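Summary of the model geometry
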Amino acid sequence: MPSPLMLAETYDRDYHDPRGWWLSEKLDGVRCYWDGTRLTTRGGNALHSPAWFTAGLPTTPLDGELWAGRDLFQSTVGIVRRKAGGEAWRGIRFHVFDLPAMVAPWEARMRAIPAAVKGCRDALAVRHSLCSGRQHVDDFLAGVESQGGEGAVLRAPGSLYVAGRSGDVLKVKSYRDAEAVVVGHLPGKVGIGSLLVEYGGLRFAVGGLAADHRAVPPPVGSRVTFRYQGLTEAGVPRCASFGRVAV
């Protein structure tokens, strides 16, 4: 059963006014949920984290990201998927950005996070700053991306935590992305050339596979993320490029 997480909508610079919202880096790691006794993925799968990694975490639920640093997504996934990751978890930290069970405005939850995780050596609160406007978002995003980061996140002032997709949390990237289901593999010059995916009732090809994914492609039925540059008149994502296998 999927974890009860709050999921972000996409920031539109021409539509959203981010002044007064709270801005943070979008960490390129593995989204996870601490239910008070164990860590699970967004999809609800239990993670086999070492006991020392979660020692000191509170009994209250936490929402955050398992993150080892920028450009280390694949290695992070490889570690957390193991049933016996052991010492490999030493380079990972649990970056907590919300308290799902706390019924209070966002600012109160944000202020409560440091105290909630202070007993755990491997957990820390994500830092947020008050956004002054669109230019602030642009400059922050440029700085994050220049250092190899994925993007930014905006959180609405005074908002409550609600499981599911919410416009009170916005992801900010210089490109658009989405998740689709693999329904087939399309041949290329060497191995698999692209993935046939289904998204929003449409089927289309997603290219940009690296050599390892051309040799051993994501299986039919798996979920993958892809990047794209707007939509065609038929509503099909333009220039769809493979991102990663969704965790």
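As a reminder, the structure under discussion sits directly above these lines.
In every chain, residue numbers begin from 1 and rise along the written sequence. Totals for whole chains, interfaces and linings use every residue, but because this is a predicted model, local features are given only for residues with pLDDT of at least 70 and side-chain atom pairs only at 80 or more, for both listing and counting. Hydrogens and water molecules were not included; the side-chain quantities draw on all heavy atoms of the structure.

A closer look at the sheet that holds strand E15 (residues 241–245)
A pair of strands is considered paired only if DSSP assigns at least 2 bridges between the two. Helix and strand labels come from DSSP, where a helix needs a run of H or I of at least four residues and a strand needs a run of E of at least two; each type is numbered from the N terminus. The sheet built from five strands is open, its strands ordered E13-E12-E11-E14-E15 with antiparallel pairing. In this open sheet, the two edge strands, each paired with only one partner strand, are strand E13 (202–206) and E15. The average undirected angle you get between the axes of adjacent strands in this sheet is 45°. Alignment of strand E12 (residues 192–199) against E13, held across five bridges, turns out to be antiparallel. Paired with Leu 196 across the strands is Ala 205, a residue of E13. Only the stretch in contact is used when fitting a helix axis, every axis being a line fitted to C-alpha atoms; angles between N-to-C directions are given from 0 to 180 degrees.

Some details on the environment of Met 110
Looking at the element boundaries, Met 110 is found in helix H3 (residues 106–117). When the C-alpha positions of Met 110 and Gly 36 are compared, they lie 18 Å apart, and in sequence the two are 74 residues distant. In contact with Met 110, other than residues within four places in its own chain, are Trp 22 and His 128. We call two residues in contact when some of their heavy atoms are within 4.5 Å.

Focus on unusual backbone geometry
Phi at Asp 71 takes a positive value of approximately 65°, unusual for a residue other than glycine. The topology assignment puts Asp 71 in the loop between strand E5 (62–67) and helix H2 (73–80). Think of it in three bands: residues with accessible area under 20% of the maximum for their type are buried, residues over 50% are exposed, and the middle band is partly exposed, with areas taken using a 1.4 Å probe on protein chains only. Taking the relative accessible area as the measure of exposure, Asp 71 reaches 63% and is therefore exposed.

A word on the packing of aromatic side chains
Stacked, edge-to-face and tilted are the three classes for Phe, Tyr and Trp ring pairs, Trp counted by its six-membered ring, which pair at centre distances within 6.5 Å; planes under 30 degrees apart are stacked, over 60 edge-to-face, the rest tilted. In total, this model carries six aromatic pairs according to the counting rule given. Here Tyr 199 and Phe 226 contribute two aromatic rings whose centre-to-centre distance is 5.4 Å and whose plane-to-plane angle is 85°, an arrangement assigned as edge-to-face. Here Phe 226 lies in strand E14 (residues 223–228) and Tyr 199 lies in strand E12, a separation of 27 residues in the sequence. Aromatic side chains Phe 204 and Phe 226 sit 5.5 Å apart centroid to centroid with 70° between the ring planes, which places their arrangement in the edge-to-face category. Placement of Phe 204 in strand E13 and of Phe 226 in strand E14 is noted, with a sequence separation of 22 residues between them. Taking relative accessible area as the criterion, Phe 226 reaches 1% and is therefore assigned buried. Over the aromatic face of Trp 52 sits the side chain of Arg 90, whose NZ or CZ is 3.7 Å from the ring centroid. Think of it as a cone above the ring: NZ of Lys or CZ of Arg counts as a charge over the ring if it is within 6 Å of the ring centre and within 35 degrees of the ring normal. Taking the ring centre of Trp 106 as reference, the NZ or CZ of Arg 155 above it sits at 5.3 Å.

Topic: the pattern of salt bridges
Where side chains of opposite charge bring their charged atoms close, a pairing between them can arise. The rule for a salt bridge is simple: a side-chain nitrogen of Lys or Arg has to be within 4 Å of a carboxyl oxygen of Asp or Glu. According to the stated counting rule, one finds 18 salt bridges in the structure shown. Across the salt bridge formed by Arg 19 and Asp 17, the nearest N and O atoms sit 3.1 Å from each other. Owing to a relative accessible area of 38%, Asp 17 belongs among the partly exposed residues under this scheme. We note a salt bridge from Glu 25 to Arg 70, for which the minimum N-O separation is 2.9 Å. Of this pair, Glu 25 sits in strand E2 (residues 22–26) while Arg 70 sits in the loop between E5 and H2; the two residues are 45 residues apart in sequence, bridging distant segments of the chain. With relative accessibility at 17%, the residue Glu 25 sits in the buried group. Among the residues examined, Arg 70 registers a relative accessible area of 29% and is labelled partly exposed. Here the residues in one salt-bridge network are Lys 26, Glu 150, Lys 171, Lys 173 and Asp 177, joined through shared partners.

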